[in-house]
Amino acid sequence: MGKIIELLIASGLVTKEQIADLLRSKKEKKITLKALIDHKIVQPNQAYRLIADEVRKGNLTLEMLEQEGSAINIDMVLKHLAELMKMEYVNLDEVDIDLRLISKLPMQKLEKIGALPIKESDLNVIVVFKDPFDFSAQETIQRVFPKKPVVAAIARPSQIDYHLNRLEMSESIKGLINEIREEISESASATEASESSAILKLIEVILKSAIIARASDIHIEPTENSCIVRSRIDGMLTESFRFDKDIYPPLSSRLKLLSNLDIAERRKPQDGRFSATIMSREFDFRVSTLPIMNGESIVMRILDKSKVMIRLEDAGMSSHNFNIFNDALKVPYGIVLVTGPTGSGKTTTLYGALNNLKSVDKKLITVEDPVEYQMNLVQQVQVNAKVGLTFASALRSILRQDPDIIMIGEIRDQETLRIAVQAALTGHLVLSTLHTNDAISAITRMADMGIEPYLISGSLIAIEAQRLVRKICPYCKKAVEIPDHIINELHEYIPETYQFYKGTGCKECQGTGYRGREMISEVLRVNETLTSMIAREASKAELTQEAFKQGFVTMIQDGVNKAIEGKTTIEEVLRVARLS
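The structure displayed is predicted, hence computed values, not measured ones. (Residues numbered from 1 in each chain as written. Predicted model: local features only at pLDDT ≥ 70, side-chain atom pairs only at ≥ 80, totals over all residues. Heavy atoms only, no water.)

Trainee: Which residues make up the overall build of the protein chain, and what values go with them?
Mentor: Of the regular secondary structure elements, the protein chain holds 24 helices and 19 strands. Seen through its principal axes, the protein chain has C-alpha atoms that stretch 80 × 80 × 40 Å. Relative to its full complement of 580 residues, the protein chain shows a buried share of 49%. Once local pairs closer than 6 in sequence are excluded, the contacts in the protein chain between residues at least 24 apart make up 64%. (Helix = DSSP H or I, 4+ residues; strand = E, 2+ residues; numbered from the N terminus. Buried < 20%, exposed > 50% of the residue type's maximum accessible area, 1.4 Å probe, protein only. Contact = heavy atoms within 4.5 Å.)

What follows is the structure, given as structure tokens:
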């Protein structure tokens, strides 16, 4: 960022004295444009307009600015540049790209000139260029659309690269798409036999690419102009494929048939599942459909049967938290709660706990909605509201089955919670999940749901709260300096000597800098002191104070520890866990 700072000084927007004063104040270790804006030394609009003008003059490049990461707001630069050049600024993540335009040019040509046609109207064709000053590239595109003027637009170069890469992947299965189109054009009687080939091959490609990319979910979404396939990798959605919209109807119909859903029903949400062997491994796919404006959104949760065998000690808990949680599971009766938002890995933790507990001499029964993984030595009940089999009604029947350990997939209402508490008080070990932000909040949540404090205190053994953070890619990990404002914010959690890390991005992590996910957690063991405090309705602040006396480690502290160990980044910790 030296060049940018020199530019600001030369233009008179900032003085060397102001920079020296900021360094002396020790509020910032390194002077960046973001730091100058944060400390109100520079007006953002003036600074970004100046940088945009330098890009227009050819003294700076957009690629160079993008390499600076969060130190500079590239979108602000692009908006000012578009204004100076009287061009349109386009955020490609918010645009429905018309694939018919792209099919008119070879992908290699588009990649070479750094161009991406996105929209055609009655008057013109809008094309974004990596280099908006490359007039020969604009002439090349204009020759492809001789009847309409090409309007050059500005977008982030990295976004253009990303979408071109995705489209190239879609291009690689063009032969399959053409095969599907041929089958669609055939008569219904002839198609029935052949339909099971091309569409099933396409589905296999989608499933296989998602599994190779370590995705947890696949999203198939129809838009006005196309059909987009996205995968959730390490908690983040990324586009995998983009097809023409005519591919969506046969694709959705075949997926519905596989999942035993009604293909004629497009007005109501449906749920189903199917199994498939991909790369010699067994997978279950839980399918959900939802009617939307352009058709139905289809989401498939990927359930890897091998993951059910995960050991609790491999789930990612710190040794401190694992020891507390594991000791709680050895108590013969009571409630152990796992808390956190949707997608925080609660079910995986519960299955890990069941794996540790299951044995021939114990009867384990679960009630789940839905049953995600099937386990040996465990009796699993699937909730079915249509026939009146709710969590509460299933629990009442389970208690007559003489169980030792009961796992409830989720406590959603007072009735289920009350039965769970009664089961815990009558000699059963109950494991379940609850949606709360932290471990101690689960106590107040139980009280808010109408359970008397003396029952809560008598039944609770331990509460574990967790989140999932993305792990730093080991192939491109490097030590980094963290901005001073984050250090100041986290000063009470950071030791005197520390080092943080991040991934720079490589082919192994698809340029994200992250590969896989890791748990951060906190475990509250309810001891005798806390039991008596809960019974006399002590406040959350009092319970927290007592917990710290017992050696309680908060989730944010656990996250910071893992960031210092080089397992994740501090940004990831702050993304998923909030400071108390």
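Still more ground to cover, so stick around.
Trainee: Mind laying out the packing of aromatic side chains, listing which residues take part and the relevant values?
Mentor: Considering all chains together, one arrives at six aromatic pairs under this definition. Note on Phe283 and Phe285: the rings are 6.3 Å apart at their centroids and 35° apart in plane angle, and the pair reads as tilted. For Phe283, a relative accessible area of 2% gives the class buried. The exposure class assigned to Phe285 is buried, which follows from its relative accessible area of 0%. Considering the side-chain rings of Tyr498 and Phe500, the 5.4 Å spacing of their centres and the 50° angle between planes classify their relative orientation as tilted. The class of Tyr498 is partly exposed, set by a relative accessible area of 30%. Aromatic rings pair up to connect Phe274, Phe283 and Phe285 into one cluster. Above the face of the Tyr514 ring, Arg470 is positioned so that its terminal group lies 4.1 Å from the ring centre. Taking the ring centre of Tyr501 as reference, the NZ or CZ of Lys477 above it sits at 5.2 Å. (Phe/Tyr/Trp six-rings, centres within 6.5 Å; stacked < 30°, edge-to-face > 60°. Lys NZ or Arg CZ within 6 Å of the ring centre and 35° of its normal.)

Trainee: Lay out the pattern of salt bridges in plain terms, naming residues and giving numbers.
Mentor: Pairing of side chains with opposite charge becomes possible as their charged atoms draw close. Per the stated rule, a full pass over the model turns up 28 salt bridges. Each of the salt bridges in this network shares a partner with another, and the network as a whole consists of Asp53, Glu54, Arg56 and Lys57. (Salt bridge = Lys/Arg side-chain N within 4 Å of Asp/Glu carboxyl O.)

Trainee: Can you break down the UniProt feature "domain: Bacterial type II secretion system protein E" (unreviewed entry) in the protein chain residue by residue, with the values?
Mentor: UniProt tags residues 399-413 as "domain: Bacterial type II secretion system protein E" (unreviewed entry). For residues 399-413, the end-to-end C-alpha separation is 18 Å, with 7% helix and 27% strand making up the annotated structure. (UniProt positions renumbered as here; feature names shortened; annotations may be inferred.)

Trainee: Can you lay out the packing of helix H1 (residues 2-11) against helix H4 (residues 44-57) for me, pointing to particular residues and giving the numbers?
Mentor: To describe two helices that pack against each other, one gives the angle between their axes and the distance between the axes. Where H1 meets H4, the axes come as close as 11 Å, and the angle between the chain directions of the two elements is 105°. With respect to H4, the element H1 is oriented roughly perpendicular. Residues Ile4, Leu7, Leu8 and Ser11 of H1 form the contact with H4, whose own contacting residues are Ala47, Leu50, Ile51 and Glu54. Residues that form the contact of H1 with H4 fall into these classes: six nonpolar, one polar and one charged. (Axes fitted to C-alpha atoms, helices over the stretch in contact; angles between N-to-C directions. Parallel < 35°, antiparallel > 145°, perpendicular 65-115°, else oblique. Nonpolar A, V, L, I, M, F, W, Y, C, P; charged D, E, K, R; others polar.)

Trainee: Tell me about H1, and please be specific about residues and values.
Mentor: Of the residues making up H1, those classed as buried are Ile4, Ile5, Leu7 and Leu8. Burial along H1 is one-sided: seen end-on, the buried residues are contained in an arc of 155°. Of the exposed residues in H1, those oriented more than 90 degrees away from the buried face are Glu6 and Ala10. Turning to H1, the residues buried within the fold contact helix H2 (16-24), helix H3 (33-38), H4 and helix H5 (62-66). (Arc of directions from axis to C-beta.)

Trainee: Pulling in residues and values, what's your account of the environment of Asp131?
Mentor: Along the chain, Asp131 turns up in the loop between strand E3 (125-129) and helix H9 (135-144). A residue is classified by how much of its surface remains accessible, and Asp131, at 36% relative accessible area, is partly exposed. For the pair Asp131 and Pro157, spaced 26 residues apart in the sequence, the C-alpha separation amounts to 8.0 Å.

Trainee: Give a description of the environment of Leu417 that names residues and reports values.
Mentor: With respect to the helices and strands, the residue Leu417 is situated in helix H17 (residues 414-425). Counting along the chain gives 123 residues from Leu417 to Lys540, while the straight-line C-alpha distance between them is 20 Å.

Trainee: Lay out the nonpolar core in plain terms, naming residues and giving numbers.
Mentor: Ranked by internal contacts, the top residues of the largest apolar core, which has 60 residues, are Leu337, Ile408, Leu460 and Leu524. A total of six residues in this core trace back to one element, the largest contributor, which is H17. Contacts of Leu337, omitting those with residues within four sequence positions, involve Ile411, Ser432, Leu434, Ala442, Met446, Leu460, Ala462, Ile463 and Glu464. Formed by 59 residues, the second largest nonpolar core is a distinct cluster that contains Leu50, Ala82, Ala115 and Leu164. (Core = buried A, V, L, I, M, F, W, Y, C linked by side-chain atoms within 4.5 Å.)

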